[in-house]
Amino acid sequence: MLLMAAPNIAAAIPLMSKTFTGQSTSAIETISTIPNLGIIAGIFISSVLVNFLGQKKTVMFGLIVALIFGITPVFSNNYYVVIISRLLLGVGIGLFNSLAISMISDFYGGDELSTMMGFQSSVSSLGSSILSFLVGYLIAFGWHATFIIYAIALPIMIIFGLVIPNVENKSVKHEKSVHQKVNLPVILISVMTFFIYAFFMVVTVKLADLLTYKNMGTGSQAATILGVFTLVSMAIGFAYGFVHKLLKQYTLVVGFSLMAIGFAILSRAASIANVTIGVVIVGLGFALVIPFIYTIINTIAPKGSENLASSVMLIFTNVGVFISPTLINYLSGLMGSQQPDMNMRVAAYGFGFLLLVAIFTLIYQKVVQGGKYFVRKG
């Protein structure tokens, strides 16, 4: 419910810019993405903390940190207090981020693992959708009110504490006798994930700016559209097990194709209807790509190193999210404009490039490796 919650307040960025007049556009947009830098630190801390506290207590501690610092900006007009609290919100989320993936692989395998990863993606999307709709409502009370959404960590913490048993992480247990390591496929998938999120975050961070720039709508409407996006992702996520059986190794190709098309539509959108269609198509592609990536990272990781592989991928993921505004603005500037429609076009080109990479990878695996896709290697 909380894994995708960090950037949900992005729709309030135009309002924040009126409060933080002494800060640059990139600095204000960083309020949305800096939690992902904290998540990286949280992942490192979690890998140590879980050995002392165990999985359940580590998750509970992360939820407490996320709750406290998530709602801190409600009470402050100071940019630096807001940015530091956002960083610490990320640390809290990072404490349980990798466990949200690796704990699933501790209990499931094969097609069941793919199905469960689809469910995991769906619930992440559900959380993001609920919070996006709440932001759309709360933004009417000012940007401070939007940070109230992070109070959802409290009921989650209570439910998790009551329901989830204390279990020992298998990969941690295995680590006592076998040194964990990552291989080249894990690194390559992680680098790909960096670019996936660097380009994808444009739809979250820049959608409100796109609507206001083209006089098509408001930040509240952007939050509502993003809520629709996550509902679509959720629906596809629940059906991911079936879709993966149907598409198999072509899942990534189809996903990247949809995301490139969706961003291309957004770059030329002239109405709310066009924007909604583009966002929905991006959502369809995202819902195919992410469970696929989360599944194969556990499949290709060296045996006993699944948790480390997930952590490495999540580090690349969160660096991609954090650097997204700077990278996209830079690439857009090279193309002659840093306006939101050009940002969307850059993302479309980015996913077009990733599509080519996925196609060439499939051809290589089919020709050179005899059709063996994503096989675990020591």
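Structure: see above.
Below is a short write-up of the structure. (Residues numbered from 1 in each chain as written. Predicted model: local features only at pLDDT ≥ 70, side-chain atom pairs only at ≥ 80, totals over all residues. Heavy atoms only, no water.)

Taken together, the buried positions of helix α13 (residues 240-247) are occupied by Tyr240, Gly241, Val243 and His244. What you see down the axis of α13 is that its buried residues fit within an arc of 165°, all on one side. Turned more than 90 degrees away from the buried face of α13 sit Phe242 and Leu246, all of them exposed. The inward-facing, buried residues of α13 abut α6 (110-138), α12 (219-238), α14 (251-267) and α15 (272-300). Two residues or fewer past α13, Lys248 is found with a positive phi of approximately 50°. (Buried < 20%, exposed > 50% of the residue type's maximum accessible area, 1.4 Å probe, protein only. Helix = DSSP H or I, 4+ residues; strand = E, 2+ residues; numbered from the N terminus. Arc of directions from axis to C-beta. Contact = heavy atoms within 4.5 Å.)

With that settled, the discussion passes to unusual backbone geometry. If a residue is not glycine, its phi is most likely negative; likewise, a peptide bond is most likely trans. You will see that Asn215, though not glycine, has its phi angle at about 55°, which is positive. Among the structural elements, Asn215 can be located in the loop between α11 (207-213) and α12. For Asn215, a relative accessible area of 72% translates into the label exposed. Look at Lys248: it is not a glycine, yet its phi comes out positive at around 50°.

Our next topic: the layout of surface pockets. Reported here for the largest pocket is a volume of approximately 840 Å³. Ala100, Ile104, Gln120, Phe160 and Ile164 are the residues nearest the centre of the largest pocket, which is lined by 24 residues in total. Of all elements in the fold, only α3 (35-70), α5 (99-107), α6 and α8 (153-163) reach the threshold of two or more residues within the lining of the largest pocket. A class-by-class count of the residues in the lining of the largest pocket yields 22 nonpolar, two polar and no charged. (1 Å grid on protein atoms, 1.4 Å probe; cavity = no way out; pocket = protein on both sides within 12 Å on 5 of 7 lines; lining within 4 Å. Points joined across faces, edges and corners; volume = space filled by probe spheres on them. Nonpolar A, V, L, I, M, F, W, Y, C, P; charged D, E, K, R; others polar.)

With that settled, consider empty space enclosed by the protein. Within the structure shown, the criterion is met by three cavities of 30 Å³ or more. Empty space within the largest cavity amounts to approximately 390 Å³. Around the largest cavity, the lining is made up of 29 residues, and of these Leu3, Met4, Pro7, Tyr197 and Phe286 lie nearest the centre. Contributions of two or more residues to the lining of the largest cavity are made by α3, α6, α10 (184-205), α12, α15 and α16 (306-334). Of the residues forming the lining of the largest cavity, the biggest block, five residues, is contributed by α6.

This paragraph deals with the environment of Leu138. Positionally, Leu138 belongs in helix α6. For Leu138, a relative accessible area of 12% translates into the label buried. Sequence separation of Leu138 and Phe242 is 104 residues, and the distance between their C-alpha atoms is 37 Å.

Moving on: the packing of helix α2 (residues 25-33) against helix α4 (residues 79-97). For the pair α2 and α4, the least separation of the axes is 8 Å and the interaxial angle reads 35°. The two elements α2 and α4 cross, and the hand of that crossing is left-handed. Across the interface between the two elements, Ala27, Ile28, Thr30, Ile31 and Ser32 of α2 pack against Tyr79, Val82, Ile83 and Arg86 of α4. Here the residues of the contact of α2 with α4 are counted per class, giving six nonpolar, two polar and one charged. (Axes fitted to C-alpha atoms, helices over the stretch in contact; angles between N-to-C directions. Left-handed = near helix turned anticlockwise from the far one by under 90°.)

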